[in-house]
Amino acid sequence: MKKWFSLLMAAVLVTGCAPGFKDEKEVVQKKDDQKGTSIIPNYQLPDTYRSLIPFVPSKARGMVVSNLNSRYDINEFETGLMRVAMGQFSPDKYVFQEGQHIDKETAGLWLNRKFTKGQLKERGLTEEQNVGLNPLNDEKGSIEEQNEKNPIYLAHVLEHNYLTKNDKSVKLSGVVVGLALNSVHYYQKEKYGATFEQKIPHDKLEAEGKKMAEEVLKRMRGMKGLDNVPIVIALFEQKGKNDVVPGTFFTYAVSDKGSSIGDWKKVNEKYVLFPSEEAEKDHRDDLTFYMRFKDDIEQYFPNYNGVIGRGFYKDDQLVDMKIEIPVQMFGEAEIIGFAQWATSLIIDHFPDYINVEVEINSVSGAEALIVRKAGEEEPFVHIY
């Protein structure tokens, strides 16, 4: 979201005026049996939803930061969930709002394990709070055996709401829920001891995730106002703590009404690190033009710390390439010269059917941003 905002503000500075909000729509939103006035902005960024103003934060706000393994997974979990939503709720007709039904306490209880009566007493929980979606640990066998048998599958639950406008008011017309699942389970044998890891096979992770999705749907149908609203539940496989590419959503299902979940549909998306063994094995042509760009950067400006690329594939086709270039520069003229050189290399080396984004960073922070959208000849360049 920060990146989109930077691009928007840069465009405002270039044109000398703000986006056209003259046709903003004032609407009434009913919440908790009370009515309030909100605004739907006229301006809409490409491939995004408009949001109600003032912005209403999620009732589980902040939990995603502590529950997911990396900033890459945090960003992709939210933006990827929006991509899933676009298949059901068109940005032309629906307005986005953060989740208003799953609050922090509810999400925290859902992320627990199921507990025995003794375990509940130890934790000061009641039987009504014994609603954890992760499996019971019977505490039989060694610590390794316990964690191998019953790892923590569910890391986080994220809710998004989608509203439609009807005359002068808006109403909830769709809910999308993302379940973030662990590909690696981390545990400790003692409170302040070393951290160990247990890899979770994708097939097992998917099967457990689908069972949890059915239970989540039943619980949400019991919440006020959600009995007949379409609910989409999507499964996200997050990467390990040391990975430098994010995980992705891999399947989702739709329930138009009732507690029966629909057929599961595959999401064919993935991120690939450049350079890497995976890129060498499965995406050699894409690796070739990436390496040409990287080699030219290195030859012209030797005082760099490495070029890292992350390619996003949808339906086995490279769609986006995001590249980070850390530099050791301090002069404004040097930054401008470097950005110009990198921009010319983007035009020379990358095919025009993919989006390319290059971030140039130094120890002082962001120095320059270069964006070349698919189908466009001239990249957008911003020097911070």
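All residue numbers refer to positions counted from 1 along the written sequence of the respective chain. In view of the model being predicted, local features appear only for residues whose pLDDT reaches at least 70, and side-chain atom pairs are presented and counted only at 80 or more, with totals across whole chains, interfaces and linings using the full set of residues. The basis for the side-chain values is all heavy atoms of the structure; hydrogens and waters are excluded.

- Named according to an unreviewed UniProt entry, the chain is CamS family sex pheromone protein originating from Siminovitchia acidinfaciens.

**Details of unusual backbone geometry**
Now for step 1: Look at the link from Ile53 to Pro54: it is a cis peptide, with omega at 0°.
Now for step 2: Strands here mean DSSP runs of E at least two residues long; helices mean DSSP runs of H or I at least four residues long; both are numbered from the N terminus. The residue Pro54 is located in the loop between strand E3 (50-51) and helix H2 (63-67) in this model.
Now for step 3: The omega torsion of the bond from Phe274 to Pro275 falls at -10°, within 30 degrees of zero and hence cis.
Now for step 4: One can find Pro275 in the loop between strand E12 (269-274) and helix H8 (277-282).
Now for step 5: The residue Asp316 is not glycine, and still its phi comes out positive at about 65°.
Now for step 6: When a residue's accessible area, from a 1.4 Å probe over protein chains only, is under 20% of the maximum for its type it is buried; when over 50% it is exposed; and in between it is partly exposed. The class of Asp316 is exposed, set by a relative accessible area of 59%.

**Looking at the packing of aromatic side chains**
Now for step 1: Within 6.5 Å between ring centres, the rings of Phe, Tyr and Trp (the latter by its six-membered ring) count as paired, and their orientation is classed by plane angle as stacked under 30 degrees, edge-to-face over 60, tilted in between. Applying the stated criterion across every chain yields a total of twelve aromatic pairs.
Now for step 2: Ring centres 5.6 Å apart and planes at 20° place the aromatic pair Phe89 and Tyr162 in the stacked group. Placement of Phe89 in the loop between helix H3 (71-86) and strand E4 (95-98) and of Tyr162 in strand E5 (residues 154-166) is noted, with a sequence separation of 73 residues between them.
Now for step 3: Relative to Tyr290, the ring of Phe274 lies with its centre 5.6 Å away and its plane at 55°, an arrangement referred to as tilted. Here Phe274, found in strand E12, pairs with Tyr290, found in helix H9 (residues 284-300); they are 16 residues apart in sequence, far enough to count as distant.

**Structural notes on the pairing of E5**
Now for step 1: Most of E5 sits out of view: eleven of its 13 residues are buried.
Now for step 2: For two strands to pair, DSSP has to find at least two bridges joining them. Relative to E5, E4 runs antiparallel, the two being bridged by four bridges. In the sheet register, Glu98 faces E5, and the bridge partner there is His160.
Now for step 3: The turn joining E5 and strand E6 (residues 169-182), which pair antiparallel and follow one another in sequence, is formed by two residues; a positive phi near 60° is taken by Asp167.

**A look at the sheet that holds strand E14 (residues 317-326)**
Now for step 1: Strand order in the open sheet formed by six strands is E12-E13-E14-E15-E16-E17, with mixed pairing between adjacent strands. Sheet topology places E12 and strand E17 (380-383) at the edges, where each strand pairs with a single neighbour. Strand after strand, the sheet turns through a mean of 15° between neighbouring axes, direction not considered.
Now for step 2: Bridge count for E12 against strand E13 (residues 308-314) is six bridges, and the pairing is antiparallel. Paired with Leu273 across the two strands is Arg310, which belongs to E13.
Now for step 3: Contacts are assigned to residue pairs that have any heavy atoms within 4.5 Å of one another. For helices, the axis comes from a line fit to the C-alpha atoms of the stretch in contact; other axes are also lines fit to C-alpha atoms, and the angle between any two N-to-C directions lies between 0 and 180 degrees. Packed onto the sheet, H3 meets E12, E13 and E14 and runs at close to 145° relative to E12.
Now for step 4: Each of E12, E13, E14 and strand E15 (355-362) touches H9; the most contacted strand, E14, lies at about 20° to it.

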